[in-house]
Structures are given as structure tokens and as C-alpha cells.
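# Coordinate inspection notes
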Amino acid sequence: MQVDHRSYPGGLPVACLALFGLGLRYALFLPAARACGFSAWTATGNFFSFFTVHANLALALVLLVPGRLRRPWALGGATLTLGLVGLIYETLLRGVWNPGGGEFLASLILHDLVPLAALALWFRRPERGALRWRHAFLWLIFPAAYLLYLVFRGLATGWWIYPFLDVQALGAARVALTASALLGLHLLGGLALVAWDRRSLAPQEEAPEIFELEEEPLMDPSGA
């Protein structure tokens, strides 16, 4: 049976929730940044430097934009990234930032509700066996590039989004160790996601992962 990779039941409400959370967070972030003396341009650049923003925006794009972005590998990558967002927030940032009012609602949506909804979408999707082991390594490209961007931006501006990545305060060695641990966690999560996706495949269905062979029709000995 041919599975439709373009549709995920319940995806539209989740995408709208993510976009609403992003819009609310930006609406609150911009005036606060302007009050601190930042221009609208700089404040917007700071806003779009948060990993949480990228992760939620990525999920919304996967669920709303037609074409290859609606493939299982894209949803899997967005789900994994959001899972990391929720985990980091709960373990490293929950005690550092205690928002109230609208900020609390935006944080609840972006750090808790959307990641949980993304996981629910992933486990309820109609496909199985759509992921390959290489996807776990390809999913590392985005967080690795983001970490490099964050370090260079922090060194250039002196503004560090996340205290545990502050090279100037903690030193390069400690930040490199933290970044390696985060990437290792991301890789382990990706491998676990792929393993869960492929758990019910029959042995013969695993062969294309390594060889990617296509069967050719047998030739008729008579030459017909």
C-alpha cells in the first residue's frame, strides 16, 4: 500500500500553536528590547537567534509547506530538535528564567506544549520504516551550525543567549565540552528515533538501507 507522506493528522493545529507562540513571544520581546536601547533590527536579530524559535518555526514549516518538507525525515528532525529544546529548558534554563503573564504563556507553548504535540504527531503518523540510519547524522548539521553561529555572534556582540555557552565567562574548553555533550545527546536521540521507526521491519526490508539495489527483470532464455 502506498503511504501518503504529505499529510499528518492534527498537523495544522500544532503548526498554528507554534506560530501563535512565536508571534506572542516576539510581540513581548520587541518592546522590551527597544526599552533596553536596542533598535528594532537588532532586537529582531536577537529574537531569531534563539534555538527555540528556530525549532518551532521548523516544525511549522514542515507541517504547512507542501513538498519534500512533509516527508518523515523532516518531521523526525523537527521532532528531535524540539525534544532537545524541551529537555534543555527543563534541565538547564527552568531555574534561570522565571517568566510571568504573557511571557509564561509563550514559554509554556514553545518549550512544553509544542514539543509534546510534535512527539504525539510523530508517534501517530501513518508511516513506518521511513527513516534511515544516516538521518541521525544528517540531523546534526543544524544544531552544529547553530552552535558555531552562537559562539561567533557572542564573541562579536558580547551578548550570550545561553549562559552555559558563554565562552568569555566559562572558557573555550568548558563550552566545547558542553557543546559536544549536546551534540552527542542529539545524535543519541536521533539514533533512538530511527531505531524505534525501524523496529517492526522484517529482515528483508532492511537490505535497501545498505545496498539500495533495484531488481532487474529476468531475461527470457529464448530472447523474446
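Bear in mind the structure is a predicted one, so any value in this text is a computation, not a measurement. (Residues numbered from 1 in each chain as written. Predicted model: local features only at pLDDT ≥ 70, side-chain atom pairs only at ≥ 80, totals over all residues. Heavy atoms only, no water.)

### Some words on the nonpolar core
Core analysis: the largest hydrophobic core is formed by 50 residues, its most contacted members being L59, L63, Y162, F164 and L165. Mapped onto this core, the elements with two or more residues apiece are α1 (11–35), α2 (40–47), α3 (51–64), α4 (72–93), α5 (102–124), α7 (141–157) and α9 (172–197). Sort the elements by how many residues they give to this core and α4 lands first, with 10 residues. Residues within four places of L59 in sequence aside, it is in contact with V14, L75, A78, L82, V114 and A118. (Core = buried A, V, L, I, M, F, W, Y, C linked by side-chain atoms within 4.5 Å. Buried < 20%, exposed > 50% of the residue type's maximum accessible area, 1.4 Å probe, protein only. Helix = DSSP H or I, 4+ residues; strand = E, 2+ residues; numbered from the N terminus. Contact = heavy atoms within 4.5 Å.)

### Thoughts on the confidence of the model for the protein
Chain-level pLDDT for the protein is 82 on average; 83% of the residues reach the 70-or-more range. Mean pLDDT in the protein bottoms out at helix α10 (residues 207–210), which sits at 42, and peaks at helix α6 (residues 133–138), which reaches 94. In this model residues 1–6 is a low-confidence stretch, pLDDT under 50, and it forms eight contacts with partners more than four residues away in sequence or in other chains. Note that residues 202–224 has pLDDT below 50 and, in this model, 10 contacts with residues that lie over four places away or in other chains. (pLDDT = per-residue confidence, 0-100.)

### A closer look at the packing of aromatic side chains
Using the criterion set out here, one finds 12 aromatic pairs in the structure. Centre to centre, the rings of F123 and W196 are 4.8 Å apart; their planes meet at 80°, and the pair counts as edge-to-face. With F123 in helix α5 and W196 in helix α9, this pair connects stretches of sequence that are 73 residues apart. With centroids separated by 6.4 Å and ring planes inclined at 45°, the aromatic side chains of Y146 and Y149 adopt a geometry described as tilted. Pair noted here: Y146 and Y149 are both in helix α7, with a separation of three residues, about one helical turn. Residue classification places Y149 among the partly exposed positions, given a relative accessible area of 36%. Taken together through their ring pairs, the aromatic side chains of Y26, F29, F47, F48, F50, W159, Y162 and F164 make up a single cluster. (Phe/Tyr/Trp six-rings, centres within 6.5 Å; stacked < 30°, edge-to-face > 60°.)

### Considerations on α1
End to end, α1 covers 37 Å across 25 residues, agreeing with the expected 36 Å (1.5 Å per residue, within 8%). Of all the residues in α1, the buried ones are G11, V14, A15, A18, G21, L22, R25, F29 and A33. Contacts from the buried residues of α1 go to α2, α3 and α5. G37 occupies a position one or two residues after α1 and carries a positive phi of about 100°. (Expected span 1.5 Å × (residues − 1).)

### Focus on the environment of W159
Among the secondary structure elements, W159 is positioned in the loop between α7 and α8 (167–170). For W159, a relative accessible area of 29% puts it in the partly exposed group. Sequence separation between W159 and N46 is 113 residues, and the spatial gap between their C-alpha atoms is 9.1 Å. Not counting chain neighbours up to four residues away, the residues in contact with W159 comprise N46, F50, R153 and G154.

### Section: a nonpolar patch on the surface
Side chains of L12, L19, F48, L57, L61, L64 and V65 sit close together on the surface and give an oily, nonpolar patch of about 530 Å² of accessible area. Listed by contribution, the elements that provide at least two residues to the nonpolar patch are α1 and α3. The greatest single-element share of the nonpolar patch, amounting to three residues, is contributed by α3. Relative to the elements of secondary structure, L57 occurs in helix α3. (Patch = residues over 30% accessible without salt bridge, like charges linked within 9 Å, V, L, I, M, F, W, Y side chains within 5 Å. Areas by Shrake-Rupley, 256 points an atom, 1.4 Å probe, with all protein chains shown as cover. Salt bridge = Lys/Arg side-chain N within 4 Å of Asp/Glu carboxyl O.)

### Some thoughts on the pattern of salt bridges
Scanning the model with the defined rule gives one salt bridge in all. Close ionic contact of R25 with E103 constitutes a salt bridge, the shortest N to O distance being 3.0 Å. Residue R25 is located in helix α1, and its partner E103 is located in helix α5; the two are separated by 78 residues in the primary sequence. On the accessibility criterion, R25 (14% relative accessible area) is buried. On the basis of relative accessible area, E103 is assigned to the buried category, the value being 19%.

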